[in-house]
Amino acid sequence: MPKPRKRPIGAAGPDKKGPSGKRTKTGNPDETSAKMENSSPQKTSATNSCGKNPSSHWLMKSEPESRLEKGVDVKFGIEDLKAQPNQTACWDGVRNYQARNFLRAMKLEEEAFFYHSNCKEPGITGLMKIVKEAYPDHTQFEKKSPHYDPSSKKDNPKWSMVDVQFVRMMKRFIPLAELKTHHKAHKAIGGPLKDMALFTCQRLSVQPLTQGKSGPFSLSCTPQRGPVNFHLLAG
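Procedures and definitions
All residue numbers refer to positions counted from 1 along the written sequence of the respective chain. Residues qualify for local features only when their pLDDT is at least 70, as the model is predicted, and side-chain atom pairs are given and counted only at 80 or more; totals for whole chains, interfaces and linings, by contrast, use all residues. Hydrogens and water molecules were not included; the side-chain quantities draw on all heavy atoms of the structure. Secondary structure follows DSSP: runs of H or I at least 4 residues long count as helices, runs of E at least 2 residues long count as strands, and numbering of each begins at the N terminus. Relative accessible area decides the class of each residue, using a 1.4 Å probe on protein chains only: under 20% of the type maximum gives buried, over 50% gives exposed, and in between gives partly exposed. Contacts between residues were defined by any pair of non-hydrogen atoms, one from each residue, lying within 4.5 Å. Surface accessibility in these figures is a Shrake-Rupley result with a 1.4 Å probe; residues are shielded only by whichever protein chains are displayed. An expected span of 1.5 Å times one less than the residue number is assigned to each helix. Starting at the helix axis, one direction is taken to each C-beta atom, and the arc is that of these directions. Pairing of N or O atoms within 3.5 Å defines a polar contact, subject to two protein rules: one partner must be a possible hydrogen donor and the other a possible acceptor, and residues neighboring in sequence count only if both atoms are side-chain atoms. We treat two strands as partners when DSSP finds at least two bridges between them. Note on definitions: angles span 0 to 180 degrees between N-to-C directions of axes, and those axes are lines fitted to C-alpha atoms, for helices only across the stretch in contact. Residues enter a nonpolar core if they are buried and are Ala, Val, Leu, Ile, Met, Phe, Trp, Tyr or Cys, with the set joined through side-chain atoms within 4.5 Å. Every residue carries a pLDDT, the predictor's confidence in it, which falls somewhere between 0 and 100. Only the six-membered ring of Trp is used, alongside the rings of Phe and Tyr, when aromatic pairs are assigned; centres must lie within 6.5 Å, and planes under 30 degrees apart are stacked while those over 60 apart are edge-to-face, with the rest tilted. We call a charge positioned over a ring when the NZ of a Lys or the CZ of an Arg lies within 6 Å of the ring centre and within 35 degrees of the ring normal.

Caption draft 1: Representation of the overall build of the protein chain in the model. Each helix and strand counted, the protein chain has four helices and eight strands in total. Helices and strands appear in the protein chain in the N-to-C order β-β-β-α-β-α-β-β-β-α-α-β. Looking at the 235 residues of the protein chain, the share that counts as buried comes to 57%. Put simply, 69% of the contacts in the protein chain that link residues at least 6 apart link residues at least 24 apart. Summed over all atoms, the accessible surface of the protein chain reaches about 10,200 Å², with 51% contributed by carbon and sulfur.

Caption draft 2: Just helix α3 (residues 176-189), in detail. Spanning 14 residues, α3 covers 20 Å between terminal C-alpha atoms, matching the ideal 20 Å at 1.5 Å per step. Within α3 the residues assigned to the buried category are L176, E178, L179, H182, H183 and H186. Buried residues in α3, looked at end-on, bunch into an arc of 160°, giving them a common side. Of the exposed residues in α3, those oriented more than 90 degrees away from the buried face are A177, T181, K184 and A188. On its buried face, α3 sits against β5 (111-116), β6 (123-136), β7 (160-175) and α4 (197-200).

Caption draft 3: Up close: the side chain of T139. With respect to the helices, strands and loops of the structure, T139 is situated in the loop between β6 and β7. The exposure class of T139 is buried, given its relative accessible area of 0%. Within the structure, T139 has its side chain in polar contact with the side chain of D137 (distance 2.7 Å).

Caption draft 4: Fine view of the sheet that holds strand β1 (residues 57-62). The strand order across the open sheet built from six strands is β4-β7-β6-β5-β1-β8, with neighbouring strands paired in mixed fashion. Lying at the two open borders of the sheet, with one neighbouring strand each, are β4 (88-91) and β8 (206-209). Here the average twist between neighbouring strands, direction ignored, is 35°. Direction of pairing for β1 relative to β8: antiparallel, over a ladder of four bridges. In the strand pairing of β8, H57 is matched with L209.

Caption draft 5: Summary view of the nonpolar core. Core analysis: the biggest nonpolar cluster contains 22 residues, and M60, W91 and V206 have the highest contact counts within it. Elements that contribute at least two residues to this core include exactly β1, α1 (78-83), β4, α2 (97-105), β5, β6 and β7. Those residues within four positions of M60 in sequence are excluded, and the remaining contacts are W91, L103, M106, A112, F113, F114, Y115, M128, V162, V164, S205 and V206. Of all hydrophobic cores here, the second largest spans 14 residues; its members include L59, L176, M196 and L209.

Caption draft 6: Local environment of the confidence of the model for the protein chain. Residues with a pLDDT of 70 or more make up 66% of the protein chain, whose mean pLDDT is 76. In this model, residues 1-47 is a region of pLDDT below 50 whose contacts with residues beyond four sequence positions or in other chains number 251 contacts. Confidence over residues 230-235 falls short of pLDDT 50; this stretch has 44 contacts with residues more than four positions distant or in other chains.

Caption draft 7: Just the packing of aromatic side chains, in detail. Taken as a whole and assessed by the stated rule, the structure comprises four aromatic pairs. Taken together, F76, W91 and F114 form an aromatic cluster joined through their ring pairs. We note K132 situated over the ring of Y135; from NZ or CZ to the ring centre the distance is 3.9 Å.

Caption draft 8: Geometry of α2. Counting buried residues in α2 gives seven out of nine residues, a clear majority hidden from the surface. Residues of α2 that are buried: Y97, Q98, A99, R100, N101, F102 and L103. Among the structural elements, β1, β4, β6, β7 and β8 are those in contact with the buried residues of α2. Of the residues flanking the start of α2, the one acting as N-cap is N96, its side-chain oxygen 2.9 Å from the backbone nitrogen of Q98.

Caption draft 9: A look at the environment of E65. Along the chain, E65 turns up in the loop between β1 and β2 (68-69). E65 gets classed as partly exposed once you look at its relative accessible area, which sits at 37%. Linking E65 and K75, residues ten residues apart in sequence, is a C-alpha distance of 5.3 Å. Among the polar contacts made by the side chain of E65, one reaches the main-chain amide nitrogen of K120 at a distance of 3.2 Å.

Below, the structure written as structure tokens:
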């Protein structure tokens, strides 16, 4: 698999994207931060409060704007994914145990929303699917990579990645502000978006989406304006 300059945003804190993948974010509340990188795998699993049930849909964050990390541009937006051979790339650079465990829980053909983060207008921009299940993230062993981890051993690698393939753009961009409005409204009435991980576990760059009681998420959304059915976006 080619090493695209893309890198997923890790999980808690700026999950950084590395030279071969997407990048991590920093600063923004919806971005992942590296502060959880030292969390122990026992403390964060794919079945904790940010995703109690197995998921068949995911939300994965990546930075679409240039940002240098250790001299490497970790930019990787959906247009970068579309430009890859076969529109496929590895989702490397996740350095948060909970986000890593979510990567390991992903199955072939499951779908993920591509979320632009740490940028002027964050939000959901497109849809992709898992085309290769979790395997060791090569960047953990590359000394020049922003995601190098000297404590990880090749015979027992700490970090994993998956391969994703572009499926399509959303019929319209769904901004963070709109998602937040729905989340607040659902919180007030106990709706399916009340526990949306994008707001309850803001720093996770890889998040499960579970089906709400009202039905599945509307992947089509509306072309221009109008309500969006976010039933699947409950965390």
